[in-house]
Amino acid sequence: MQDQILPLRLGVNVDHVATIRQARGTNYPSPLTAALISQAAGADSVTVHLREDRRHIQEHDVMDLRSSLSIPLNLEVSAAEEMVALACGYRPQACCLVPERREELTTEGGLDVLGQQERITAAVKALSQVGTQVSLFVEPDLAILDAVRATGAHAVEIHTGRYADAENATERARILESIGTFAMQAHAVGLKVHAGHGLTVENTGPIARIPEIQELNIGHALIADAILMGLAASVARMKNLMVHTRLSSANPVSANGGSARSYSAI
C-alpha cells in the first residue's frame, strides 16, 4: 500500500509590496490588495513579517489582513516578548517565530532553539493559548529536533536559504539531502513540516518533491516576478488611460472662437 501523498500548500509572503510602499512613504502599493490577488490566484495562506523596526509591514497591515482574508494569515515575528504580545493580540491562524537582527537585509538563518529554549517555549505557550498554530523557523539540523518538540511548537519551517544560495550542484545536493532527512524525522515525531526562504521557480521543484513538506512560504521571488511579468499590463493600462483621456477631452471652441479649456478631474 502506497503512503498517502500530503497536499502541498503555498503561502505567499507580501512583505516586499510594503517595502516598495515604505520606500516613498505612500499608501500604495497595498499589501492587502496583493494578498487578495494572491488569494484569488490560488494561494493557500498569506505570510507577513512584522519586524521590530517596522521596515515594511506595519501593524495596520496585520489588522487589515486578519480581518479581510478568507485564507489563513501566517504572521512572522521574533520571540521578543513585546512582539509575541502583539501577535497574541492579533490572534492569527498561524505564527512563525523567526530570528531577527536589525542590521540584516533578510532573515539569515534559523532560530537558536537550544540557546533560547526557555524564551521560545514561553512564546509558543502564549500563542497556543489564543488558538494560534506555532511554527519555528529552523535549520535542518537533527540535533535540535528534541528541543523543538520540547517547546510545544506545532510545526517547523525549514530554512531553505542555504540550499537556494549554494555555490555549486554538489553543495546544493548535500543541503537538499539534509533538508529531506530533517523533514522525514520531524514528520515522524508529529511535527508539521513547512519550508521557505530563497525559493524561486528555478529551485523549488526538488523541495516540492520532499513528501513530508506540507507548505512552502515564498515571497521575494513572487513579488520580483510580478514586477516584470505584470509590468506590460501596467504600462498598457496607463497608456490606454492617457490616450483615452486625451481623445475624450478634445477642447471645445468657446462662443468667441477661443478655446474653452478644462482640466478638472474626470
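Being a predicted model, the structure only gives us computed values, none of them experimental.

Asker: Mind showing me how you'd approach the sheet that holds strand 6 (residues 155-159) here?
Answerer: If you walk around this closed barrel you meet the 8 strands as 1-2-3-4-5-6-7-8, and the pairing is parallel. Strand after strand, the sheet turns through a mean of 25° between neighbouring axes, direction not considered. Here 4 bridges tie strand 5 (residues 133-138) to strand 6, and the two strands are oriented parallel to one another. When the sheet's bridge partners are listed, V138 is paired in strand 6 with I158. Contacts from helix 3 (residues 59-68) reach strand 2 (45-49) and strand 3 (73-77), with the element oriented near 155° to strand 3.

Asker: Help me understand helix 4 (residues 81-90) in this model?
Answerer: Counting along an α-helix, one turn takes 3.6 residues, and residues three or four places apart therefore face a common direction. Those residues of helix 4 not exposed but buried are M83, V84, A87, C88 and Y90. Seen end-on, helix 4 carries its buried residues on one side only, within an arc spanning 160°. Across helix 4 from its buried face, at more than 90 degrees, point the exposed residues E81 and G89. Buried residues in helix 4 make contact with helix 3, strand 3, strand 4 (94-97) and helix 5 (117-129). Positioned one or two residues after helix 4, R91 has a phi angle of 50°, which is positive.

Conventions adopted
- Residues numbered from 1 in each chain as written.
- Predicted model: local features only at pLDDT ≥ 70, side-chain atom pairs only at ≥ 80, totals over all residues.
- Heavy atoms only, no water.
- Pairing = 2+ DSSP bridges.
- Helix = DSSP H or I, 4+ residues; strand = E, 2+ residues; numbered from the N terminus.
- Axes fitted to C-alpha atoms, helices over the stretch in contact; angles between N-to-C directions.
- Contact = heavy atoms within 4.5 Å.
- Buried < 20%, exposed > 50% of the residue type's maximum accessible area, 1.4 Å probe, protein only.
- Arc of directions from axis to C-beta.

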